[in-house]
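Summary of the model geometry
Here is how the chains run, residue by residue.
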2 protein chains.
Amino acid sequence: MIKNTEMVDFKVFHDKWGHLIPVEENATIPFDIKRVYYIFGVEDGIRRGFHSHRELNQALVCVHGEVKILVKTPEEEENILLDNPARALLIGPMVWREMYDFSKDAVLLVLASEHYDEADYIRDYAVYEKEAKTWFKNVVSR
Amino acid sequence: MIKNTEMVDFKVFHDKWGHLIPVEENATIPFDIKRVYYIFGVEDGIRRGFHSHRELNQALVCVHGEVKILVKTPEEEENILLDNPARALLIGPMVWREMYDFSKDAVLLVLASEHYDEADYIRDYAVYEKEAKTWFKNVVSR
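Figured I'd write up the structure that's included with this text. (Residues numbered from 1 in each chain as written. Chains lettered and ligands numbered in written order. Predicted model: local features only at pLDDT ≥ 70, side-chain atom pairs only at ≥ 80, totals over all residues. Heavy atoms only, no water.)

A closer look at the relation of the copies chain B and chain A
The criterion, for reference: The copies were overlaid with a least-squares fit restricted to C-alpha atoms from residues scoring a pLDDT of at least 70 in each copy. Here a residue-residue contact requires only that any non-hydrogen atoms of the pair lie within 4.5 Å.
For the pair chain B and chain A, the superposition axis carries a translation of 0.0 Å, the fit reaches an RMSD of 0.0 Å, and the rotation angle comes to 180°. Considering both components of the superposition, the chain copies are consistent with a two-fold axis. Across chain B, the rotation axis passes nearest the C-alpha of B:I33, at a separation of 3.0 Å. Looking at chain B, 100% of its interface residues are interface residues in chain A too, so the copies touch through the same face.

Quick look at the structure:
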């Protein structure tokens, strides 16, 4: 995996009543859950995201259908298929991300460590690249 | 709505890139999000839940497909269809709940105010009924 990203397998409670997957803040995932959002109804050919966060930590899990995620730093990149409700992609600070190839029935659930804060977003790749190069030089990665 | 339950409409951000629904703790919903869980792959004819919580607050939203929820106190009950990812059912303390009629493709997302604590569950209806009668007599409902 590229820096500041990680795959996490969630435990599935599966019995005759169905499947249940619990995610506890600071336990199943290593940060607070202050905000949750879900993305759905994304049409064929749409690519979205195109930003990095300065400090936010997020867990992305496709709870229905599938979607691909590009994660990228100035030095490396990786494309990840999310098609399993028990497998989450953790994305830490200063990672550029794009989401694409949403299946028609995809629901992408995101658990975020902070409330929404526009100042934490970097939406211009050139700005991101410059800031990220300095960041990765100076900060010990997680 | 019966006591300690409420429907909440979430704001949908809908544009050419799809739909996004954010839920912020202590803002969109009136409590912390410490735990998230999702239920899926529930077969025809299965009914689940059959418990109350003593203190937990939860928001239930069906992010794909549909499901029905029975909420019940010793004095009243209501059956609620969840079939809209923008419409959540809030359930407060001391409400019995059962979930049924899951569609094959249903994903029920639950946002919970506390970490998992078995001591907060009441799983025997007779015990629930007795405790709830006292509770609703003594506590000012939300």
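A closer look at the nonpolar core
How we decide: Put simply, a nonpolar core is a bunch of buried Ala, Val, Leu, Ile, Met, Phe, Trp, Tyr and Cys residues held in one set by side-chain atoms that sit within 4.5 Å of each other. Only protein chains enter the accessibility calculation, which uses a 1.4 Å probe; a residue is then buried when its area is under 20% of its type maximum, exposed when over 50%, and partly exposed in between.
A:Y38, A:L109, B:Y38 and B:L109 are the most contacted members of the largest nonpolar core, which has 38 residues in total. Discounting residues that sit within four places of it in the chain, B:L109 has contacts with A:V36, A:Y38, A:L109, B:V36, B:Y37, B:Y38, B:A59, B:L60, B:V61 and B:V63. Within the second largest apolar cluster, 22 residues are counted, among which are A:I39, A:I69, A:V95 and A:F102.

Thoughts on the pairing of strand β4 (residues 35-40) of chain B
In the case of a regular strand, side chains alternate between the two sheet surfaces. The cut-off we apply is this: Helix and strand assignments come from DSSP, with helices taken as H or I runs of at least 4 residues and strands as E runs of at least 2, each series counted from the N terminus. Note on pairing: two strands pair once DSSP finds at least 2 bridges between them.
Counting buried positions over the six residues of β4(B) gives six, a clear majority of the element. Across the two faces of β4(B) the burial is the same, with B:R35, B:Y37 and B:I39 and B:V36, B:Y38 and B:F40 all buried. In this sheet, β4(B) lies alongside strand β3 (residues 18-24) of chain A in antiparallel orientation, the contact comprising six bridges. By the bridge assignment for β4(B), A:H19 is matched with B:F40. Where β4(B) meets strand β11 (residues 107-112) of chain B, six bridges bridge the pair, whose relative direction is antiparallel. Looking across to β11(B), one finds that B:I39 is bridged to B:L108.

That is the geometry; function is a separate question.
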